[in-house]
Amino acid sequence: MIDSMRLLGLYHLRDAARLKAEATGYLEKARKGAPYFQAIDLTVGRCFLGLAAQLSGNAAEALAEYTAALNELQPNHRWRSILRLFMGEALDLSGRREDAKEAYRSAL
């Protein structure tokens, strides 16, 4: 819980560099199956890597991370909506408004 709260805090502080470093560490812990980490934590790590990229202005990298996170989830998992929302934001930042609107609709 503390690890994920640190990620959330860095996101709200808009500290892209530290968020990327912490999310990378978080993802590594999830891959190793560190105590208390579950399969969903792979998705959480990728989501925060995407947010770090998005904060840095790298929408293409953000979209790649969000897509990878989506690919790890079951079809009806609730995290799919938040990932689609973030994808819409990244698409908007890329000037791809119509694609963004489709991602927002999908999030709903």
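In the block above lies the structure referred to throughout.
What counts and how
Residues numbered from 1 in each chain as written. Predicted model: local features only at pLDDT ≥ 70, side-chain atom pairs only at ≥ 80, totals over all residues. Heavy atoms only, no water. Phe/Tyr/Trp six-rings, centres within 6.5 Å; stacked < 30°, edge-to-face > 60°. Helix = DSSP H or I, 4+ residues; strand = E, 2+ residues; numbered from the N terminus. Buried < 20%, exposed > 50% of the residue type's maximum accessible area, 1.4 Å probe, protein only. Lys NZ or Arg CZ within 6 Å of the ring centre and 35° of its normal. Salt bridge = Lys/Arg side-chain N within 4 Å of Asp/Glu carboxyl O. Axes fitted to C-alpha atoms, helices over the stretch in contact; angles between N-to-C directions. Parallel < 35°, antiparallel > 145°, perpendicular 65-115°, else oblique. Left-handed = near helix turned anticlockwise from the far one by under 90°. Contact = heavy atoms within 4.5 Å. Nonpolar A, V, L, I, M, F, W, Y, C, P; charged D, E, K, R; others polar.

**Student:** How do you make sense of the packing of aromatic side chains when you look at a structure like this?
**Tutor:** How two aromatic rings sit relative to each other is given by the distance of their centres and the angle of their planes. Tallied over the full model, the rule gives 2 aromatic pairs. When the ring of Y26 is compared with that of F37, the centres are 5.1 Å apart and the planes differ by 65 degrees; the resulting orientation is edge-to-face. Here Y26, found in helix α2 (residues 16–32), pairs with F37, found in the loop between α2 and α3 (40–55); they are 11 residues apart in sequence, far enough to count as distant. F37 gets classed as buried once you look at its relative accessible area, which sits at 18%. Positioned over the ring face of Y11 is R14, at 6.0 Å from the centre of the ring.

**Student:** Would you take a moment to explain the pattern of salt bridges for this structure?
**Tutor:** Taken as a whole and judged by the stated rule, the model has 11 salt bridges. Taking the shortest distance from any N to any O, the salt bridge between R6 and E22 comes out at 3.7 Å. Taken together, the positions of R6 in helix α1 (residues 2–13) and E22 in helix α2 put the pair 16 residues apart, joining distant regions of the chain. Here E61 and K20 are joined by a salt bridge, their closest N and O atoms 3.7 Å apart.

**Student:** Would you take a moment to explain the packing of α2 against α3 for this structure?
**Tutor:** To describe two helices that pack against each other, one gives the angle between their axes and the distance between the axes. It is the contact of α2 with α3, at a shortest axis distance of 8 Å, that shows an interaxial angle of 165 degrees. Relative to α3, the element α2 is oriented roughly antiparallel. Where α2 crosses over α3, the two elements pack in a sense that is left-handed. Between α2 and α3, the residues in contact are A16, L19, K20, A23, T24, Y26, L27, A30 and R31 and D41, L42, V44, G45, R46, F48, L49, L51, A52 and L55, respectively. Of the residues assigned to the contact of α2 with α3, the class counts are 13 nonpolar, 2 polar and 4 charged.

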